[in-house]
Each structure stands twice: as structure tokens, then as C-alpha cells.
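One-letter residues, chain by chain:
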Amino acid sequence: MTGQSILVIDDQPEMRKELSHLLSLGGHTVATASSGPEGLNKFRENDFGLVISEVNLLEMAGIEVLVQLRSISPRIPVIMTEANGTIDNAVKTMQCGASDYILKPFSFEALELAVKRAVGNSKGQAQGRTHDVRNASKTREMITRSSKMHHVLGIAKKVAPSNATVLIQGESGTGKEVLASYIHQHSLLNHKPYVAVNCASLPEALAESELFGHEKGAFTGAANRKLGKFELANHGTIVLDEISEMPLQTQAKLLRIIQERVLDRVGGCKPVPIHVRIIAITNADLKKAVSEGKFREDLFFRINVIPIKIPPLRERREDIAVLANHFLKKYGSENGKRGMTISDKAISILMGLDWKGNVRELENTIHRTVLLSEGNVISPEHLVLGENEEVKSGGIPMGVGLSMREMERKLIFATLDQMNDNRTHAAEMLGISIRTLRNKLREYKEEQTG
């Protein structure tokens, strides 16, 4: 791993010195901050590849620092450290977006392993998921044999060269972000900025600052002028993912941008001209949200210029086999298991499932199966399905004679082991929420001590 530019946030001088020394031994460049506000300012002003922050900071809680770091740039991994850690604190930091959580004191080897793991996971994530990635469309591809999807792609390709606002709708996991990237790639703006924003991840108090920017002194902690996502996307494409989660006050400002092509920075004195192509994404029923007063009707009509709806995977089952083989090749290559194949019987089982999580659920299933399977051929007994599907006997690490609860337990611990005890990643691989995983682990602990 090449050296990283790392920001260390810790209010203990000795710990800052020790971390700087250890990280320097690993070939990294280190900057330090003695408080949360100082760290956030340095993070905004510099390009860091990783942040390491203490949980128990005095001036600003480490969790709050983490939340603000994630809102500024979700693609940068953050490792949280703590001297007297608890399971609840570990879970909370991971739920808030931490890449890892390690206890003090730690050795050079443990620290370097955490850094490698965090940076490696960050590089492995799909670029389009982060809300400040430019030109992410160059890495996204639409894989389909479905006539329904070809119809969707045909519409997308026709409208791509225009500046018309597009509203992409569909269930979670159907590929809405990938379609947004596809539209940008086939537009006249494909060499211009591409910025994707997850509206649901924006703290309400910071939403306007993140989207529209702010002037120096606009609020406490605003030490410098900051350009928002719209200005970063100027003359290019901005994708507003989960737009139904945007606060009503922010919706009003978005409406002004669409109508007048200007934006107002928080604390600004004059409007800023803006020219962006807007692609909105939602898995919610916006008409229902309008009727419930949760979404502005005038904004709905403004973004619903070109509506495109992606069909769920159960309505395009011909895509299941080609997608399964694509993910098998991808994760087999990533995990040193090149040349893996999947049997026709296993494909038949996959074709018969409902896939409520759609393409994302199928991808997670193949990823899990690759990690836990032995041999080069995936057979029905090797499939490691999510909690809502039947787990086939003989799959790893389960076997005949085990209760369903014990099979579940073994699968959970095997996945945690494969994910180096990273609960967020393990929950994603298992197809369950972090809360469900936490509750399961608590049950197992109570059974051991009971």
C-alpha cells in the first residue's frame, strides 16, 4: 500500500505524537488536530486519504465529528479510536459511517492493518455511491438481456443529450444510480463534473450548506467560504439520490435553482449563477409524499419532466443469470478465486427467488457465496442466501444435523471472520441491518453467560 495523507484528530498531545510516529513508520504523511473543529477545518482545506479520530473528544464529541466528516466527503475512510471502548460505542460509530473502530493502546502492526483495511475497502466501493465523486459514470455499466431494460436504456439514451431534468424511480437495489451514470456518460456533459448526493445522508442542519455552500462566518465553525455540491457540479450533472428525504425548506431552495438557475450560499449577499443538469432518484411514491405534505407539489412537477421507472429484478428474470455470472467473475477475481463457475441448478434456484432487494441483494448473495465456498463450481448447496431465503443444507459452514438457529449462528460468525469483525460490512454481506446483527450477537452473548 502506498503512503497515505492522514489526518489525526486527538486532544491528547502524547497520543497525537505517538500516532504520528507510528504512521510515519508506515510511510504515511500525517497532519494533526487537537480538537474536532480544528480537524474539520483542516479536512475542508486539504486533501486527505484517511482520518483517524478519537471518540471521546472534549470540545466536540467524536461521533459528531464523524457525522460531519461523512457529510463533507463520504468517500474518505474514517477510523475511530477509543481507550475504554464498549460494544455500543463500536456499533454506534459503524452505524454513523466509520470504516473501523480500534481500541487503545495498539501496536504498529494493528494500526497499519486497520489503515490498509480502511483504504482498501474505500477503494473497493462503487464510486457512484459517494456524493462527491466526479465522472463516476466512466466506471459504471448496465448489464442486461431484458427487453424491459433495453426499453429503459433506449429512453435514457434519447434524452441524455438534452438538459431536461430526469426523475428515475424504482425499488431499492434496481440500479437507479447506475442508470443516472449511464445518462451522464451518453450526454454532451460526459467530460464535465458528475456529482452524486445522497439526500438521506445529509444532516438537516447542514443540508443547505452541503448543497448550496456557505460564506465565511455564516455560522459557528464556518471559517472559510465553502462551495456546495451544486457549484462543484456546475456545467455538469448533479444526481439527487433519495430526493424524497430532502427537507421541505431545502426543497424550496432547490425549486428556485431549477426555475431561475441561481443559488444562494448560506450567509451570501448575492445569487450565484448555476448551470447543471439535474437527475433525481427515488424509491418512494412521490405523489403520495405530495398528498401527505412531505414533498412540494411544485417541485415534483419540476423534476418530473422525463420520468423513467426501472422494473424490479423479479420482472426481468432473464437478467438474473447474466448478473450472477458478472458478480461471480468480479468477486472471484477480487478474492483470488478466478475461474469460478456456477451450475445450471444453482442458477435455477436463483431464478426462482423474489429478490426483494433486487440487483443489490443478488450481488450480496454472490459475494457471500464466493467468500464462503470451496472449489471452483457453485452448486445449489453452496449458495449462502439472506435471512429471508431458505439456506440449503451442506452450505459452508453449515451441515446436516444442525438446527436452523445454529446454522444462522455459524453463518454470522463466519461472515464476521471474513470481514475482519467489521460489523457494518458483515451486516451488508448477510443482507441484514446492523441493528439485527447487533441483536443477534447480544442474544448469543446472553446464551453463553446465562
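Please read all numbers here as calculations on a predicted model, not as lab measurements.

Caption draft 1: Geometry of the pattern of salt bridges. A complete count under the given rule lists 16 salt bridges for this structure. The partner of lysine 104 in a salt bridge is aspartate 10, and the shortest N-O contact between them spans 2.7 Å. Here the residue lysine 104 occupies a position in the loop between β5 (100–103) and α5 (108–124), and aspartate 10 occupies one in the loop between β1 (5–9) and α1 (13–25), the gap between them amounting to 94 residues. The same class applies to lysine 104 as to aspartate 10, namely buried. In this structure, the salt-bridge partner of lysine 330 is glutamate 363, at a minimum N-O distance of 3.2 Å.

Caption draft 2: Spotlight on the packing of helix α13 (residues 318–334) against helix α14 (residues 344–351). Orientation of α13 relative to α14, taken along the N-to-C sense of each, is 120 degrees, at an axis distance of 9 Å. Accordingly, the angle class assigned to the pair α13 and α14 is oblique. Two packed elements cross with a definite hand, and for α13 against α14 that hand is right-handed. Seen from α13, the contacting residues are Ile320, Ala321, Ala324 and Asn325; seen from α14, they are Ile347, Leu350 and Met351. Tallied by class, the residues present in the contact of α13 with α14 amount to six nonpolar, one polar and no charged.

Caption draft 3: Spotlight on the sheet that holds β1. Taken in spatial order, the five strands line up as β2-β1-β3-β4-β5 in an open sheet, and their pairing is parallel. Each edge of the sheet is formed by a strand with only one pairing partner; in this case those strands are β2 (29–33) and β5. Going across the sheet, the axis of each strand differs from the next one's by a mean of 20 degrees, ignoring polarity. Bridge count between β1 and strand β3 (residues 50–54): four bridges; the pairing is parallel. Within β3, the residue paired with isoleucine 9 across the bridge is serine 53.

Caption draft 4: Broad picture of the pairing of strand β7 (residues 194–198). Extensive coverage of β7 is indicated by the burial of four of its five residues. Where β7 and strand β8 (residues 237–241) come together, five bridges link them in parallel fashion. Opposite tyrosine 194, over in β8, you have threonine 237 as the bridge partner.

What counts and what doesn't
- Residues numbered from 1 in each chain as written.
- Predicted model: local features only at pLDDT ≥ 70, side-chain atom pairs only at ≥ 80, totals over all residues.
- Heavy atoms only, no water.
- Salt bridge = Lys/Arg side-chain N within 4 Å of Asp/Glu carboxyl O.
- Helix = DSSP H or I, 4+ residues; strand = E, 2+ residues; numbered from the N terminus.
- Buried < 20%, exposed > 50% of the residue type's maximum accessible area, 1.4 Å probe, protein only.
- Axes fitted to C-alpha atoms, helices over the stretch in contact; angles between N-to-C directions.
- Parallel < 35°, antiparallel > 145°, perpendicular 65-115°, else oblique.
- Left-handed = near helix turned anticlockwise from the far one by under 90°.
- Contact = heavy atoms within 4.5 Å.
- Nonpolar A, V, L, I, M, F, W, Y, C, P; charged D, E, K, R; others polar.
- Pairing = 2+ DSSP bridges.

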